[in-house]
Amino acid sequence: NGRSIPLLMNAYDGVELTKAATKQVKAALLYSVARTYYTAFTAQKMNALADKQVQNAKAHMKTVEERVELGAATPLSLQRARLNLVRAEQSRRDMAHGYQMTLGALGALMGLDTQFEILEPKGMAPVEEGFSEEELLARALRHRPERQVQKLSVTVADRGRTDAWMMFMPSLALVGRG
């Protein structure tokens, strides 16, 4: 039966489609891990900045207290300095919470249940060096798993359309008797 050939080809392409879709999911997971890692690293750096901001706010408040005692500043200035300290401490708590949330997300993506800290990433050489824009674009179009999935999906759909047309065509069956 002529209809079986496109269906058989679709079955083989279905296997390839599944393999390409699996590659696509793996690539998306790796991208998510990398993105979450760099978000956690940024949050770690922001924590250090928030700690520094609290130290600066405390030093500023102490300076304003001394100035108020000497009569060189108003009590309102002292209230403002205290408010800045409270804001800096709240910011530090928010940053620490955000860092912990990001570490939790990273741990979940990597399947880790234990507490861990991240290290500063090592520098990497850019991949683009030595290649023209056209070469990089051609390579990306050839090797992107989502593009392969789309291409195979279109091929399978075209064969399905061919199969639908062949359903209405007359068929020839040969029977041999011996």
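Everything below is about the structure printed above this text.
The model shown is predicted, which means the values in this text are computed figures rather than measured ones.

Describing the overall build of the protein chain
Then, number 1: Counting its regular elements, the protein chain contains four helices and zero strands.
Then, number 2: For the protein chain, the N- to C-terminal ordering of α and β elements is α-α-α-α.
Then, number 3: Taken over C-alpha atoms, the radius of gyration comes to 32 Å for the protein chain, far larger than the 16 Å a tight globule of 178 residues would show.
Then, number 4: Relative to its 178 residues, the protein chain shows a buried fraction of 18%.
Then, number 5: When contacts within the protein chain are restricted to residue pairs at least 6 apart in sequence, those whose partners lie at least 24 apart make up 74%.
Then, number 6: Accessible area for the protein chain stands at about 13,900 Å²; split by element, carbon and sulfur atoms hold 61% of it.
Then, number 7: Looking at charge distribution, the protein chain has the averaged site of its 24 positive side-chain charges lying 4 Å from that of its 19 negative ones.

Structural notes on the nonpolar core
Soluble globular proteins tend to pack their nonpolar side chains together in the buried interior.
Then, number 1: Counting nine residues, the largest nonpolar core consists of Val 33, Ala 40, Phe 41, Ala 43, Tyr 99, Leu 103, Leu 106, Phe 116 and Ile 118.
Then, number 2: Listed by contribution, the elements that provide at least two residues to this core are helix H1 (4–70) and helix H2 (75–110).
Then, number 3: A per-element tally of this core places H1 first, with four residues.
Then, number 4: Within the second largest apolar cluster, eight residues are counted, among which are Ala 57, Val 64, Leu 78 and Ala 81.

Observations regarding a nonpolar patch on the surface
Then, number 1: Residues Leu 29, Leu 109, Met 110 and Leu 112 make up a contiguous nonpolar surface patch of about 320 Å² in total accessible area.
Then, number 2: Inspection of the secondary structure assignment puts Leu 29 in helix H1.

Digging into H1
Then, number 1: The terminal C-alpha atoms of H1 lie 97 Å apart, and with 67 residues this matches the ideal 99 Å at 1.5 Å per residue to within 8%.
Then, number 2: Looking one or two residues beyond H1, the residue adopting positive phi is Gly 71, at roughly 85°.

Considerations on the pattern of salt bridges
Then, number 1: A complete count under the given rule lists five salt bridges for this structure.
Then, number 2: One salt bridge connects Glu 16 with Lys 19, and the closest N-O pair in it is separated by 3.8 Å. Placement of the pair is Glu 16 and Lys 19 together in helix H1, with a separation of three residues, close to one helical turn.
Then, number 3: By relative accessible area, Glu 16 is classed as partly exposed at 39%.
Then, number 4: Measuring nitrogen to oxygen at the nearest pair gives 2.5 Å for the salt bridge that ties Glu 146 to Arg 144.
Then, number 5: In this structure Glu 146 comes out as partly exposed when scored by relative accessible area, which is 25%.
Then, number 6: A relative accessible area of 43% places Arg 144 in the partly exposed class.

The rules behind these values
Residues numbered from 1 in each chain as written. Predicted model: local features only at pLDDT ≥ 70, side-chain atom pairs only at ≥ 80, totals over all residues. Heavy atoms only, no water. Helix = DSSP H or I, 4+ residues; strand = E, 2+ residues; numbered from the N terminus. Rg over C-alpha atoms; globule rule 2.2 N^0.38 Å. Buried < 20%, exposed > 50% of the residue type's maximum accessible area, 1.4 Å probe, protein only. Contact = heavy atoms within 4.5 Å. Areas by Shrake-Rupley, 256 points an atom, 1.4 Å probe, with all protein chains shown as cover. Lys, Arg positive; Asp, Glu negative; His and termini not counted. Charge placed at Lys NZ, Arg CZ, Asp CG, Glu CD. Core = buried A, V, L, I, M, F, W, Y, C linked by side-chain atoms within 4.5 Å. Patch = residues over 30% accessible without salt bridge, like charges linked within 9 Å, V, L, I, M, F, W, Y side chains within 5 Å. Salt bridge = Lys/Arg side-chain N within 4 Å of Asp/Glu carboxyl O. Expected span 1.5 Å × (residues − 1).

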